[in-house]
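This is what each chain is made of:
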Amino acid sequence: MKTLDRHGRFLVRLTLNGIPEEGFAEPRMLLADFLRHEIGATGTHVGCEHGICGACTIRVDGKATRACLVLAVQVDGAAIETVEGLSEPDGSFGPLQQAFHENFALQCGFCTPGFMMSLSEFLEINPDPTANEIKVALSGNICRCTGYHEIVNASLDAAKALRRRASQTS
């Protein structure tokens, strides 16, 4: 049985980027709003609120998921990864973030977290992609500022950096 507070909100417990978190959510509260307003993980952006633009993409139990299409109460007990979790333990840029920075693959930055989270899952599945495979993998994310050339280049560089990191740890 779910725990309710005196306002009829449900207690939602999850692991956010490896850290246990909890907060209360009304039954209709979207996961994107819960993360931003209840938990304080503001890296997840809300764009279209229809699952079309991809700005709100996060990972739920390892799968890229549109946070604007999931209710917070649905992820009780889940492991959630957001763009904040892509950083290194010391807070510096992780490989995906660094590649986007170095390739000027962001302008306003609004869509960037969604691109990175979609890419993080894709590069685990396909660590050595072609440019065309990246274009297909990121086709569900929309950017209105950069054009996609820089994003594809950043994705290829991130893939190289992640492969290099994997070979150093094995």
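It should be emphasised that the depicted structure is a prediction, and the values quoted were computed from it without experimental measurement.

1. Overview of the overall build of the protein chain
The number of helices and strands found in the protein chain is five helices and five strands. Taken from the N to the C terminus, the helices and strands of the protein chain come in the order β-β-α-β-β-β-α-α-α-α. Relative to the globule expectation of 15 Å for 170 residues, the C-alpha radius of gyration of the protein chain, 16 Å, shows essentially globular dimensions. Each principal axis of the C-alpha atoms in the protein chain carries an extent, and together these give about 50 × 40 × 25 Å. Counting every position in the protein chain, which comprises 170 residues, the buried fraction comes to 45%. Considering only residue pairs separated by 6 or more positions, the protein chain has 55% of its internal contacts joining residues 24 or more positions apart. Surface summary for the protein chain: the accessible area is close to 9100 Å², and the carbon and sulfur share equals 53%.

2. A short note on the side chain of asparagine 103
For asparagine 103, the location among the structural elements is in the loop between helix 2 (95–102) and helix 3 (112–125). Within the local environment of asparagine 103, its side chain forms a polar contact with the backbone oxygen of alanine 99, the two atoms lying 2.9 Å apart. For asparagine 103, the side chain forms a polar contact with the side chain of aspartate 157, separated by 2.9 Å. With residues up to four places along the chain from it excluded, the contact list for asparagine 103 reads Glu150, Asn153, Ala154 and Asp157.

About the thresholds
- Residues numbered from 1 in each chain as written.
- Predicted model: local features only at pLDDT ≥ 70, side-chain atom pairs only at ≥ 80, totals over all residues.
- Heavy atoms only, no water.
- Helix = DSSP H or I, 4+ residues; strand = E, 2+ residues; numbered from the N terminus.
- Rg over C-alpha atoms; globule rule 2.2 N^0.38 Å.
- Buried < 20%, exposed > 50% of the residue type's maximum accessible area, 1.4 Å probe, protein only.
- Contact = heavy atoms within 4.5 Å.
- Areas by Shrake-Rupley, 256 points an atom, 1.4 Å probe, with all protein chains shown as cover.
- Polar contact = N/O pair within 3.5 Å; in protein donor to acceptor, adjacent residues only side chain to side chain.

In short, shape yes, function no, at least from these values alone.
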